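Summary of structural features
Next come the chains, spelled out residue by residue.
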Amino acid sequence: MDITNLTVHELQEKLAKQELTSEEIVQAYVNRINAKEKDVKAFVTTLCDEALKEAKEIDEKRKNGEKLSSLAGIPIGIKDNMCTKGVKTTCSSRMLENFVAPYNATVVEKLNEENLIDLGKLNMDEFAMGASTEYSYFKKTCNPWNLKTVPGGSSGGSAAAVAANLVPWALGSDTGGSIRQPSSFCGVVGLKPTYGLVSRYGLVAFASSLDQIGPITKDVRDSAMLLNIIAGHDERDTTSYNMQKKDYTKTLNGNVKGLKIGIPKEYFGEGINEEVKAKLEEAIETYKKLGAEVEEFSLDIAQYALATYYIIACAEASSNLGRFDGIRYGYRTENYTNLKELYKNSRSEGFGPEVKRRIILGTYVLSSGYYDAYYKKAQQVRTLVKKEFDKAFEKYDVLLTPTSPTVAFEMGTRSENPLEMYLADICTVSVNIAGLPGISIPCGVNGDNMPIGMQLIGNKFEEEKILNAAYTFEQEYKFREKYQPEFKG
Amino acid sequence: MAKVSKEELLHIANLADLNIKEDEIDNYLKNLQDILNFANIVNNANTDGLGETIGENDQCNVFRKDEVKEFKDNELLLANAKEQERNMFKIPKVIQ
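First, a word on scope: everything that follows refers to the structure included in this document. (Residues numbered from 1 in each chain as written. Chains lettered and ligands numbered in written order. Predicted model: local features only at pLDDT ≥ 70, side-chain atom pairs only at ≥ 80, totals over all residues. Heavy atoms only, no water.)

So, the packing of helix α9 (residues 302-320) of chain A against helix α12 (residues 371-395) of chain A
All names here are of chain A. Stated precisely, the cut-off is as follows: Where helices are involved, their axes are fitted lines through C-alpha atoms of the stretch in contact, as for all axes, and angles between N-to-C directions lie from 0 to 180°. Secondary structure elements are defined from DSSP: runs of H or I of at least 4 residues count as helices, runs of E of at least 2 residues count as strands, and each element is numbered from the N terminus. Under this scheme an angle from 65 to 115 degrees is roughly perpendicular, one under 35 degrees roughly parallel, and one over 145 degrees roughly antiparallel; angles in between are oblique. Each crossing gets its handedness from the near helix: less than a right angle anticlockwise from the far helix is left-handed, clockwise is right-handed. Working rule for contacts: check all heavy atoms of both residues, and any pair within 4.5 Å makes them a contact.
Direction vectors running N to C along α9 and α12 enclose 130 degrees, while the axes themselves pass 9 Å from each other. Classed by the angle they form, the pair α9 and α12 counts as oblique. Read as a crossing pair, α9 and α12 show a hand that is left-handed. Contacts from Y304, A305, T308, I311, I312, A315 and E316 in α9 reach Y374, Y375, A378, Q379, V381, R382 and V385 in α12.

Rendered as structure tokens:
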């Protein structure tokens, strides 16, 4: 038995039956990291020794009959933009290269309450700005399916680590597709919850009205389990929603009979790779066979949503990243004679090119003379996008689209052209613009054995519907039994 | 469609407290112009009579009790600053 190939619910079962100890599980992951991390480069920080020590302590507690969560002693990886007390949180930026958070993010506290063990902090595009993880200051993460290709981004380290069995599951964050698109590229399951379902306290802010933390997992049940842990109201995030806690595993019943699935035809048009389209069409046929009612309709907002997204996200980023001034934390230049120079040189030396580009774009669209034409207009278009989705959800339970127009692309092919990189988000951003939940699950591979992702979009706080639709497809298609990453290249 | 000038770019960069080196200007101008041309698509959308969406939640004012909560890890907070003195962050002299 390869322990690292098991899902978390399988590990949970084996812990309960005492077939495995936490130490055995963590040791298997440490061995795997030692063998494969050099190829994948998913981590910014690994915590192997600490994790092993913690595992032994948990086994001891279990042996002594202490009451522990059924997940206690299972490891997890965390994207490096969530604050972990006493462990570096770098956002893959030179700006935060040495930053050690003085507190834990709410999601990290929740993982700790379950006694999950942090195996390390995962690589990402700097400040979560990017779609390939090539914009990390530290290293370029490789896609385990083909090491010459990108893992997607910005949660590329998280998705690659789960795909390569370096962690059993991971947390990512999604502002415009940063959980779903890398999950699609790496053949794993990525869920972006409804805005407000998961607290953002302690998540380094990129675009506050769009950011949301979510699970990246091997399968849909694990996704529901991790969502159970991290969802919930938090008074330290005023946008977090106060509602009854749910058990998202309860509604995974493998039945989609009568489920109304809408197919927005614009998401299958120009620019979508033919092999991606073909696999999506097969998936649609599978849903029909399983008894879902599938219908095509028009949702002509993808281009508007993408343009709106880059205006709003950059505007919010330019404001959020104003806090990095070299005074209280973060990189400080050696080269200054006065305060203004200290600010300017620290920021110019601490931020990478893509971050600077977005700050400048954001400052531009917020500056007088352009505010109305770009920022205000984008906020109106945001209302339009929401209305179009509202209309769609009057008729359908779930919407189905590709997660990305293409499979993982080769490294270096887009990083010089920012606009082309932005187009990688075309299928995912509208979900953030409207604050909806979306999940990406693998629905096949192309001729080169590269995974293809399907996105299911739900109405606000209807995670159960997309999770069950994803689960039902997964049980039927059995992607993980058919395909595994080959680490070629 | 507005065309971004070099002066405008440098002004914006200064507002954002960023330096742009002479040999970076052309690249930044091209990138910014490309992205703005694309972003301009929003102006084709018919938004007559539509309000602005500024956040995702309908709730606007979220209140809590005005209670003092002490953050005890002052040392950890200060540890991230490059310069500190007497439990305070240190900055260069502002008033000459």
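Still more ground to cover, so stick around.
Overview of the state of the cysteines
All names here are of chain A. Put simply, the rule reads: Cysteine sulfur atoms that come within 2.5 Å of each other are treated as a disulfide pair. Residue exposure (1.4 Å probe, protein chains only): buried if accessible area is under 20% of the type maximum, exposed if over 50%, otherwise partly exposed.
Counted by the stated rule, this structure contains zero disulfides over all chains. Cysteine C142 remains unbridged, with the sulfur of C186 as its closest cysteine sulfur at 10 Å. Residue classification places C142 among the buried positions, given a relative accessible area of 8%. Distance from the sulfur of C427, which forms no disulfide, to the nearest cysteine sulfur (C443) is 12 Å. Using a relative accessible area of 2% as the deciding quantity, one classes C427 as buried.

Some details on empty space enclosed by the protein
All names here are of chain A. The following threshold applies: The way it works is a 1 Å grid over only the protein atoms, where trapped points that fit a 1.4 Å probe form a cavity and open points with protein on both sides within 12 Å along at least five of seven lines form a pocket, and then any residue with an atom within 4 Å of a point lines it. Grid points are joined across faces, edges and corners, and a volume is the space filled by probe spheres set on the points. Each residue is assigned to one class: nonpolar for Ala, Val, Leu, Ile, Met, Phe, Trp, Tyr, Cys and Pro, charged for Asp, Glu, Lys and Arg, and polar for all the others, Gly among them.
In this structure the tally under the stated criterion is six cavities of 30 Å³ or more. A163, G187, R480, Q484 and P485 are the residues nearest the centre of the largest cavity, which is lined by 14 residues in total. Within the residue set of the lining of the largest cavity, elements represented by two or more residues are α5 (156-163) and α16 (479-482). Per-class residue counts for the lining of the largest cavity are eight nonpolar, four polar and two charged.

Looking at the pairing of strand β6 (residues 212-217) of chain A
Note on strand geometry: in a regular strand, side chains alternate between the two faces of the sheet. Residues and elements named next belong to chain A. For clarity, the threshold we go by: Strand pairing is assigned whenever DSSP detects at least two bridges linking the two strands.
Taken across its six residues, β6 has six buried, putting it largely inside the fold. Of the pairings in the sheet, the one linking strand β4 (residues 169-174) to β6 comprises six bridges and is antiparallel in character. Each bridged residue has a counterpart across the sheet, and for G172 the counterpart in β6 is G214. Bridge count between strand β5 (residues 189-192) and β6: two bridges; the pairing is antiparallel. Residue pairing for β6: V189 is matched across the bridge by T217.

A closer look at the pattern of salt bridges
Worth spelling out the cut-off: For this analysis, a salt bridge means a side-chain nitrogen from Lys or Arg found within 4 Å of a carboxyl oxygen belonging to Asp or Glu.
Within this structure, the stated rule accounts for 29 salt bridges over all chains. Close ionic contact of A:K395 with A:E295 constitutes a salt bridge, the shortest N to O distance being 3.2 Å. Placement of the pair is A:K395 in helix α12 and A:E295 in strand β8 (residues 293-297), with a sequence separation of 100 residues. Since its relative accessible area comes to 36%, A:E295 is described here as partly exposed. Here B:K6 makes a salt bridge to B:E22, at a shortest N to O gap of 3.3 Å. Remark: B:E22 occurs in the loop between α1 (6-15) and α2 (25-39) and B:K6 occurs in helix α1; sequence separation between them is 16 residues. Judged by relative accessible area, which is 34%, B:K6 ranks as partly exposed. Classification of B:E22 by relative accessible area gives exposed; the value is 60%. In this structure, a network of salt bridges that share partners links the residues A:E109, A:D234 and A:R236.

Quick word on the interface of chain B and chain A
Rules: Using a 1.4 Å probe, buried area is obtained as the accessible area two parts lose upon being combined, added over both of them. Two N or O atoms form a polar contact when they lie within 3.5 Å of each other; inside protein one atom must be a possible hydrogen donor and the other a possible acceptor, and for residues adjacent in sequence the pair counts only when both atoms belong to side chains.
Between chain B and chain A, the contact holds 54 residues from the first and 68 residues from the second. Between chain B and chain A, the buried area comes to about 5,600 Å², and carbon and sulfur atoms account for 60% of it. For the chain B face of the interface with chain A, the top three residues by lost area are B:F38, B:E56 and B:N80, together amounting to 13%. Linking chain B with chain A are 23 residue pairs in polar contact (both at pLDDT 80 or more), by the criterion used here. Of all elements in the fold, only α1, α2 and α3 (74-79) of chain B reach the threshold of two or more residues within the side of chain B that touches chain A. Sorting elements by how many residues they give to the side of chain B that touches chain A places α2(B) first, with eight residues. Across the side of chain B that touches chain A, the residue classes tally to 30 nonpolar, 14 polar and ten charged.

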